[in-house]
Amino acid sequence: MFQQLLFAAVVSGALYALVALGLNLVYGSLRLLNIAHGDLVMIGAYTAFWSFTLLGISPVVSLATTTVLCAAFGFLVYVVLLKRQLGSPALAQRLEANSLIIFYGLSVILQNGASLAFSATSRGYQFLDGVHMFGGVSATGSMLLLLGVAAAITLGALAFLRFHVAGWSLLAVIERKDAAAVVGVNVERVQMISICAGFAIAGIAGVLVSMTQQITPFMGFPFTIAAFVVVIMGGLGNIAAGIAAGFVLGFIETFGVALTSATYRSILIYGIFVGVLLLRPQGLFGKAVQAR
Amino acid sequence: MTILDVQNVSKQFGGLKALQDVSFGVDEGTIFGLMGANGAGKTTLFGVIAGQIRPNGGSISFAGKPLAGQRPDQICRLGLGRTFQIVRPFGNLTVLDNVIVSAMYGSARAHRLADATAAGRQALEDVGLAPLAGQLAASLTLSNQKRLEIARALATGARLVLLDEVMAGLTATEVAGMTETLFRLRQERGLTILIIEHVMGALMNLSDRILVLDHGVPIAMGPPEQVVADENVLKVYFG
């Protein structure tokens, strides 16, 4: 029983870490609050669902097509909605607040567009649903695939930031945009790549989710909330801590629900949200920002 | 040879005229001082030269190339580096990784990581930070973070660096050390330096020429001994 819960916690933690990674990239390098983030998870989920049911394409292949699709969508959003505002100092100052409204609009459009196109019916498909037993834990193939892909991407991201000079330049942009620019880092390009990568990661998470749960056009919002909880727990813009915080949330949620009941799930998540904001607004692992 | 040529640069923030018709030239291999009270427009001028602030009028050229419309990272790759008055280290990176990023992205030449690492180590050596290469930048003392600012600008391969109050907050011994470092950099690297400094002794000692700004208006320019004797400067500083 305990091992089973532990496994469930690791799987949901990996998923939260993955979803939050995308959100954190966009916040970190652009200081934009993407509350449409969960809706990109939804887009990824539907891409996998329709590819599988209509065309018989494996979700494994959809991981690649979704990556391209969502990255292209991120590029479009960057060029059409954000580029001009980021380029003007006066507008850029207000963009962090305005981004809430921009992405809220985007979220409404995506949810209702999907609802119009696909209907609000919840859907699902069966892929790798055979159960494997190991060490007292039973797991479906799709859960193992989810865990593997999420772990590969999050660990890959950590390694990139730790060991690759381009990762260091990303950290530089996240921490001190103006200082990064004067040592030759093309901040605009880093921001563009970050938003493409952030959107693509959300899409990939959507493909993974679609293999293990029912999907609807409105499935995104809980992921947006979970991602914000994780990102705030880790400290906004702190990529590595955000990944760790994803697992923290997965554990608290899984064991919390097991000890109480599923009806307490939202209370747990929002409770953590409020608790962290009240007690450690700089994040569990962050250092307090000095007031100046 | 004039490496930096500033012609009639003006900048206005709303109703505030931060810079009015500022013109000067900096010769290659010299140290050029910028003087003026707080709010005189010195840091704004740095922002304009480095491409972070768009001027309302005037033109700037560096090594014969006009800088108008170029992004800060493009200007950096032309060979122009700057430091910040309030230090802005990449605190989550080690001291060495800070300068490797500079060398990798700031230089005009295509770099391999090994080359960037070598250039970075050389820059740390030049400012005396080599022993601290492995530490996180956030853990350095203020005086060392100021050195890191300079090292980052050097690692880009800059021919001209804009130094914004690199001596403020340093002890007398540290000021002497920094002065010696800057002279050595000019000597060894043929570096041209444009420097803002409130530590007057150091500025007089370092500069070949000095420009004095008062509320965005240039009021005197020339060798240090001539500038300190200038009537306008005396009026602004001593009333």
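Since this is a predicted model, take the numbers as computed values, not measurements.

On to the overall build of chain B. In terms of regular secondary structure, chain B is built from nine helices and ten strands. Projecting the C-alpha coordinates of chain B onto the three principal axes gives extents of approximately 50 × 40 × 35 Å. Out of the 239 residues belonging to chain B, those deemed buried represent 47%. Excluding contacts between residues fewer than 6 apart, the proportion of contacts in chain B whose partners are at least 24 apart in sequence is 66%.

Across its full length, chain A holds eleven helices and two strands. In terms of its C-alpha atoms, chain A occupies a principal-axis envelope of roughly 55 × 40 × 35 Å. The buried share of chain A, reckoned over its 292 residues, is 47%. Restricting the contact set of chain A to residue pairs at least 6 apart, pairs at least 24 apart contribute 77%.

This next bit is on the sheet that holds strand β4 (residues 57–62) of chain B. Residue and element names in this part refer to chain B. Pairing is antiparallel in the open sheet, where four strands are placed in the order β2-β1-β4-β5. Either end of the sheet is taken by a strand with one partner, and the two such strands are β2 (16–27) and β5 (65–66). Sheet topology places β4 next to β5; two bridges connect them, and they run antiparallel. From the neighbouring strand, phenylalanine 62 faces β5, where its bridge partner is lysine 65.

This part is about helix α1 (residues 2–30) of chain A. The α-helix winds at 3.6 residues per turn, so residues separated by three or four positions along the chain end up facing the same way. Residue and element names in this part refer to chain A. Here α1 contains 29 residues, and its C-alpha end-to-end distance of 41 Å stays within 8% of the 42 Å for a straight helix at 1.5 Å per residue. A large share of α1 lies buried, amounting to 23 of its 29 residues. In the stretch just after α1, arginine 31 is the one whose phi turns positive, near 55°.

All names here are of chain B. The strand order across the open sheet built from six strands is β6-β7-β8-β3-β9-β10, with neighbouring strands paired in mixed fashion. Only two strands of the sheet have a single neighbouring strand rather than two, namely β6 (80–82) and β10 (217–222). Put simply, the sheet's adjacent strands are angled 15° from each other on average, direction ignored. Judged from the three bridges that link them, β6 and strand β7 (residues 160–164) form a sheet pairing that is parallel. Note on β7: the bridge partner recorded for leucine 80 is leucine 160.

A word on the interface of chain A and chain B. If you look at the interface, chain A gives 16 residues, while chain B gives 25 residues. Of all elements in the fold, only α6 (165–175) and α7 (177–182) of chain A reach the threshold of two or more residues within the side of chain A that touches chain B. A per-element tally of the side of chain A that touches chain B places α6 of chain A first, with six residues. The residue inventory of the side of chain A that touches chain B, partitioned by class, reads ten nonpolar, three polar and three charged.

Take the UniProt feature "transmembrane region" (unreviewed entry) in chain A next. UniProt records the feature "transmembrane region" (unreviewed entry) at residues 6–27, 48–81, 101–121, 133–161, 192–211, 223–252 and 258–279 of chain A, using the numbering of this structure. Secondary structure over residues 6–27 of chain A splits into 100% helix and 0% strand, and the C-alpha atoms at its two ends are 30 Å apart.

We now examine the domain arrangement of chain B. Residue and element names in this part refer to chain B. In terms of domains, chain B is made up of domain 1 (2–79 + 159–238) and domain 2 (90–157). Each of domain 1 and domain 2 has a C-alpha centre, and the two are 23 Å apart. With eleven residues of domain 1 at the interface, the matching set in domain 2 holds 15 residues. Counting only elements with at least two residues in the side of domain 1 that touches domain 2, the list comes to α2 (72–78), β7 and α6 (172–189). With three residues, α6 is the single largest residue contributor to the side of domain 1 that touches domain 2. Looking at side-chain class alone, the side of domain 1 that touches domain 2 contains six nonpolar, three polar and two charged residues.

Residues and elements named next belong to chain A. Look at helix α2 (residues 37–55) against helix α8 (residues 187–212): their axes get within 6 Å of each other, and the N-to-C directions meet at 50°. Comparing their axes, α8 and α2 come out oblique. As α2 packs across α8, the resulting crossing turns out to be right-handed. Listed contacts from α8 to His37, Leu40, Val41, Met42, Ile43, Gly44, Ala45, Thr47, Ala48 and Phe49 of α2 are Phe199, Ala202, Gly203, Ile204, Ala205, Gly206, Val207, Val209 and Ser210. Taken together, the residues of the contact of α2 with α8 break down into 13 nonpolar, six polar and no charged.

Where a protein is soluble and globular, its nonpolar side chains tend to be buried together. Within the largest apolar cluster, 88 residues are counted, with the highest numbers of intra-cluster contacts made by Ala172 and Val185 of chain A together with Val101, Ala151, Val161, Ile193 and Leu194 of chain B. Among the elements that take part in this core, helix α3 (residues 95–106) of chain B stands out by supplying eight residues, more than any other. A domain split of this core shows at least three residues from each of domain 1 (2–79 + 159–238) and domain 2 (90–157) of chain B. The residues contacting alanine 172 of chain A, other than those within four sequence positions of it, are Ala180 and Val185 of chain A together with Phe90, Leu93 and Val101 of chain B. If you look at the next biggest cluster of nonpolar residues, it comprises 80 residues, including Val11, Leu30, Phe49 and Phe223 of chain A.

A separate point is α6 of chain B. Residues and elements named next belong to chain B. Along its 18 residues, α6 runs 25 Å from first to last C-alpha, staying within 8% of the 26 Å computed at 1.5 Å per residue. Burial in α6 covers these residues: Val175, Met178 and Leu182. Looking straight down α6, one finds its buried side chains confined to an arc of 65°; they lie on one side. Seen from the open side of α6, the exposed residues pointing more than 90 degrees away from its buried face are Thr173, Glu180, Gln187 and Glu188.

Attention shifts here to the confidence of the model for chain B. Summing up the model confidence of chain B, the mean pLDDT is 94 and the portion of residues at 70 or higher is 100%. Across the predicted assembly, pTM comes out at 0.92 and ipTM at 0.92.

Rules of the game
- Residues numbered from 1 in each chain as written.
- Chains lettered and ligands numbered in written order.
- Predicted model: local features only at pLDDT ≥ 70, side-chain atom pairs only at ≥ 80, totals over all residues.
- Helix = DSSP H or I, 4+ residues; strand = E, 2+ residues; numbered from the N terminus.
- Buried ≥ 20, exposed ≤ 12 C-beta atoms within 10 Å, placed from the backbone.
- Contact = placed C-beta atoms within 7 Å.
- Pairing = 2+ DSSP bridges.
- Expected span 1.5 Å × (residues − 1).
- Axes fitted to C-alpha atoms, helices over the stretch in contact; angles between N-to-C directions.
- Nonpolar A, V, L, I, M, F, W, Y, C, P; charged D, E, K, R; others polar.
- UniProt positions renumbered as here; feature names shortened; annotations may be inferred.
- Domains from an automatic or database assignment.
- Parallel < 35°, antiparallel > 145°, perpendicular 65-115°, else oblique.
- Left-handed = near helix turned anticlockwise from the far one by under 90°.
- Core = buried A, V, L, I, M, F, W, Y, C linked by C-beta atoms within 7 Å.
- Arc of directions from axis to C-beta.
- pLDDT = per-residue confidence, 0-100.

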